[in-house]
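Survey of secondary and tertiary structure
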Amino acid sequence: MKIVVTTESGQPVQEVTSNAQGTWEVPIEEPGQYKVTLDAATLPQNMAIRGGNNQRAPTVYEGNPTTVLFALQAKAADGAATPDEGGGSAFWQRAAQLTFEGFNLGLIIALAALGLSLIYGTTGLTNFAHGELVTLGALLAYLVNVPFGLHIIPAAVIAVMLAGGIGYAQDRFFWGQLRRRGTGIIAAMIVSIGVALFMRYLFLILFGGETQAYAQYNAQAGLQLGPISATPKNLISMGIELIVLIAVGFALLRTRTGKAARAVADNPALAASSGINVDRIIRIIWTGGGAIAALAGVMLGLSQNLKFTMGQELLLLIFAGVTLGGLGTAFGALIGSIIVGLFIQVSTLWIPPELKNVGALAVLILVLLFRPQGILGRRERIG
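Residues numbered from 1 in each chain as written. Predicted model: local features only at pLDDT ≥ 70, side-chain atom pairs only at ≥ 80, totals over all residues. Heavy atoms only, no water.

As a reminder, the rule being used: UniProt positions are given in the numbering used here, feature names are shortened, and annotations may be inferred rather than shown by experiment.
An unreviewed UniProt entry lists the protein under the name Branched-chain amino acid ABC transporter permease, with Nonomuraea harbinensis as the source organism. The protein has a UniProt comment under Sequence similarities (unreviewed entry) that states "Belongs to the binding-protein-dependent transport system permease family. LivHM subfamily." The record held by UniProt for the protein lists under Subcellular location (unreviewed entry) the comment "Cell membrane".

Examining the overall build of the protein
Note the threshold: Numbering goes from the N terminus for both helices and strands, where a helix is a DSSP run of H or I of at least four residues and a strand is a run of E of at least two. Within these notes, the globule rule equals 2.2 Å times the number of residues to the 0.38 power, and the radius of gyration is based on C-alpha atoms. For every residue, the accessible area obtained with a 1.4 Å probe (protein chains only) is divided by the maximum for its type, and the residue is called buried under 20%, exposed over 50%, and partly exposed between those limits. For this analysis, residues touch if any pair of their heavy atoms sits within 4.5 Å. The Shrake-Rupley method, run with a 1.4 Å probe sphere, supplies the accessible areas, and residue values consider only the shown protein chains as cover.
On a plain count of helices and strands, the protein comes out with 11 helices and nine strands. For 383 residues, the compact-globule estimate of 2.2 N^0.38 gives 21 Å, and the C-alpha radius of gyration of the protein, at 22 Å, lies within 12% of that figure. Its C-alpha atoms give the protein principal-axis dimensions of about 75 × 45 × 40 Å. Taken across its 383 residues, the protein has 42% of its residues classed as buried. Of the contacts made within the protein by residues no fewer than 6 positions apart, 67% connect residues no fewer than 24 positions apart. Here the protein has roughly 19,600 Å² of accessible surface; of this, 63% comes from carbon and sulfur atoms.

Describing the UniProt feature "transmembrane region" (unreviewed entry) in the protein
Within this structure's numbering, the places UniProt gives as "transmembrane region" (unreviewed entry) are residues 102-120, 140-164, 185-207, 235-253, 284-302 and 314-346. Annotation note: span residues 185-207, helix share 100%, strand share 0%, distance between end C-alpha atoms 32 Å. Taken end to end, residues 284-302 is 100% helix and 0% strand, and its two terminal C-alpha atoms sit 27 Å from one another.

A closer look at a nonpolar patch on the surface
Our working definition: Excluding any residue in a salt bridge, patches collect residues exceeding 30% relative accessible area, merging like charges within 9 Å and nonpolar Val, Leu, Ile, Met, Phe, Trp and Tyr side chains within 5 Å. We define a salt bridge as a contact between a side-chain nitrogen of Lys or Arg and a carboxyl oxygen of Asp or Glu at a distance within 4 Å.
On the surface, Phe 198, Leu 202, Ile 205 and Leu 206 cluster together into a nonpolar patch covering about 450 Å² of accessible area. Residue position: Phe 198 is located in helix α4 (residues 185-207).

Things to note about empty space enclosed by the protein
Operational definition: Residues are said to line a cavity or pocket when one of their atoms sits within 4 Å of a point; the points come from a 1 Å grid over protein atoms alone, cavities being sets where a 1.4 Å probe fits but cannot get out and pockets being open sets with protein on both sides within 12 Å along at least five of seven lines. Grid points are joined across faces, edges and corners, and a volume is the space filled by probe spheres set on the points.
Here the structure, examined in full by the defined rule, presents three cavities of 30 Å³ or more. Roughly 50 Å³ of volume is contained in the largest cavity. The wall of the largest cavity is formed by Leu 114, Leu 245, Val 248, Gly 249, Leu 252, Ala 330, Phe 331 and Leu 334. At the level of secondary structure, the elements contributing two or more residues to the lining of the largest cavity comprise α5 (232-254) and α10 (330-346). Of all the elements, α5 adds the most residues to the lining of the largest cavity, at four residues.

As for the pairing of strand β2 (residues 12-17)
Inclusion rule: At least two bridges found by DSSP between two strands are what make those strands a pair.
Bridge analysis of strand β1 (residues 2-7) against β2 gives five bridges, and the strand direction is antiparallel. Looking across to β2, one finds that Val 4 is bridged to Glu 15. Where β1 folds back on β2, the antiparallel hairpin that results is connected by four residues, among which Gly 10 adopts a positive phi of roughly 100°.

Structural notes on helix α8 (residues 278-303)
Residues spaced three or four apart along an α-helix face the same direction, because each turn holds 3.6 residues. As a reminder of what qualifies: In this analysis, the expected span of each helix is defined as 1.5 Å times one less than the number of residues it contains.
With 26 residues, α8 extends 37 Å from end C-alpha to end C-alpha; this agrees with the ideal 38 Å at 1.5 Å per step. Within α8, 20 of the 26 residues are buried, which leaves it mostly tucked inside the rest of the structure.

Details of the nonpolar core
Heads up, the rule is: Grouping buried Ala, Val, Leu, Ile, Met, Phe, Trp, Tyr and Cys residues that are joined through side-chain atoms within 4.5 Å yields what is termed a nonpolar core.
Membership of the largest hydrophobic core comes to 79 residues, with the highest contact counts inside it found for Tyr 214, Leu 314, Ile 318 and Val 340. A per-element tally of this core places α8 first, with 14 residues. Once residues within four sequence positions are removed from consideration, Tyr 214 is found in contact with Ala 138, Ala 141, Tyr 142, Asn 145, Ile 152, Gly 297, Val 298, Gly 301, Leu 302 and Leu 306. Ranked by size, the runner-up nonpolar core spans 12 residues in total, among them Val 26, Val 36, Leu 38 and Ile 49.

Side note on the packing of aromatic side chains
We apply this condition: Any Phe, Tyr or Trp ring, taking Trp's six-membered ring, that has another such ring centre within 6.5 Å forms a pair; planes under 30 degrees apart are called stacked, those over 60 apart edge-to-face, and the others tilted.
Under the definition given, this model contains three aromatic pairs. Residues Phe 128 and Phe 319 carry aromatic rings whose centres are separated by 5.0 Å and whose planes lie at 50° to one another, so their mutual orientation is tilted. Here Phe 128 is found in the loop between α1 (89-123) and α2 (130-145), whereas its partner Phe 319 is found in helix α9 (residues 310-325), with 191 residues between them in sequence. By relative accessible area, which is 27% here, Phe 128 ends up partly exposed. Here Phe 174 and Trp 175 contribute two aromatic rings whose centre-to-centre distance is 4.9 Å and whose plane-to-plane angle is 75°, an arrangement assigned as edge-to-face. Three or more aromatic residues joined by ring pairs form one cluster here, namely Phe 174, Trp 175 and Trp 286.

What about the pairing of β1?
Judged from the five bridges that link them, β1 and strand β3 (residues 32-38) form a sheet pairing that is antiparallel. Bridge pairing links Val 4 to Thr 37 in β3.

This is the structure:
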């Protein structure tokens with residue numbers, strides 16, 4: 001497929017041809033608004049542009065890669081585009097594919113949201129820098145994988161361990177010090193925003209603004225499982241995500257540390273009076289939260305290209321999943337994140353892909369209107 005990029009005034013920038021996976025990239029020298037046109041004549045004979053709009057007008061900011069998407073659909077036998085609604089088989093096949101992709105995205109969000117929810121439950125901190133922990137895991141794995149030449153699997157293990165150590169160090173030398181000084185929750189939240197900005201632009205300085213990819217598992221042939229097409233890496237990633245989520249849930253319910261963490265989340269003062277070392281439990285939560293967020297970053301990096309803003313872009317969805325499931329509840333974060341992931345992907349059946357996050361935020365608002373505490377959150381008495 002041929003893509004033509006021009007400036008807003010119509011001056012040509014570059015013409016490119018997409019690869020076999022339908023992806024393409026055009027380097028832009030100056031920020032600004034551009035026009036991107038997909039030449040419909042170069043599409044495969046059995047494909048058409050959904051909605052017929054073959055132009056996009058993205059705004060490119062300095063140091064921030066911009067994604068441009070064109071939604072394609074199959075043509076009917078008479079050459080017309082198949083309808084997006086009704087009872088046609090193409091519609092239901094696409095719905096099944098988007099449901100699978102939504103479940104995959106939901107599991108990635110759940111991994112990241114789990115650590116954020118546990119940190120909030122034990123400390124009351126709404127950590128706006130949690131998205132940067134996701135980016136940190138992806139970039140650490142890239143650093144070990146590409147420059148050092150280690151395979152992505154051991155590189156991911158090393159990245160998760162390093163991120164867990166950084167999570168421990170954050171609480172040991174930073175957040176723990178603020179707690180001992182009596183820093184309020186609002187002040188700590190504002191500090192977390194500053195930490196997020198610092199880490200984000202540190203990533204930009206160290207890794208650059210260009211998108212990157214891991215050395216392995218970039219292009220894989222899809223496996224056809226009924227109406228669903230899935231690559232082996234996606235299936236294995238989903239299996240790993242499920243195993244980790246189940247293991248964390250089991251640890252919270254069955255282990256002494258997990259029970260202590262739930263006690264601290266319920267009432268830190270009572271937990272301390274019962275002999276629980278509250279600071280030690282919080283430090284374990286920060287270590288585990290950093291490691292799980294890093295794993296989410298690696299999984300996200302396997303499903304898309306790496307960039308320094310990937311955690312920032314996921315942060316709103318993480319907050320949506322945590323809030324929908326119930327603030328401070330680990331299992332609520334899991335359920336809320338999967339619902340968010342499903343609505344993001346499935347909503348593209350009816351709305352443009354550029355607006356797909358609107359579906360998740362809409363269901364968040366609707367649920368909170370009828371259940372303000374979230375799906376698994378507990379009612380609280382005020383006053």
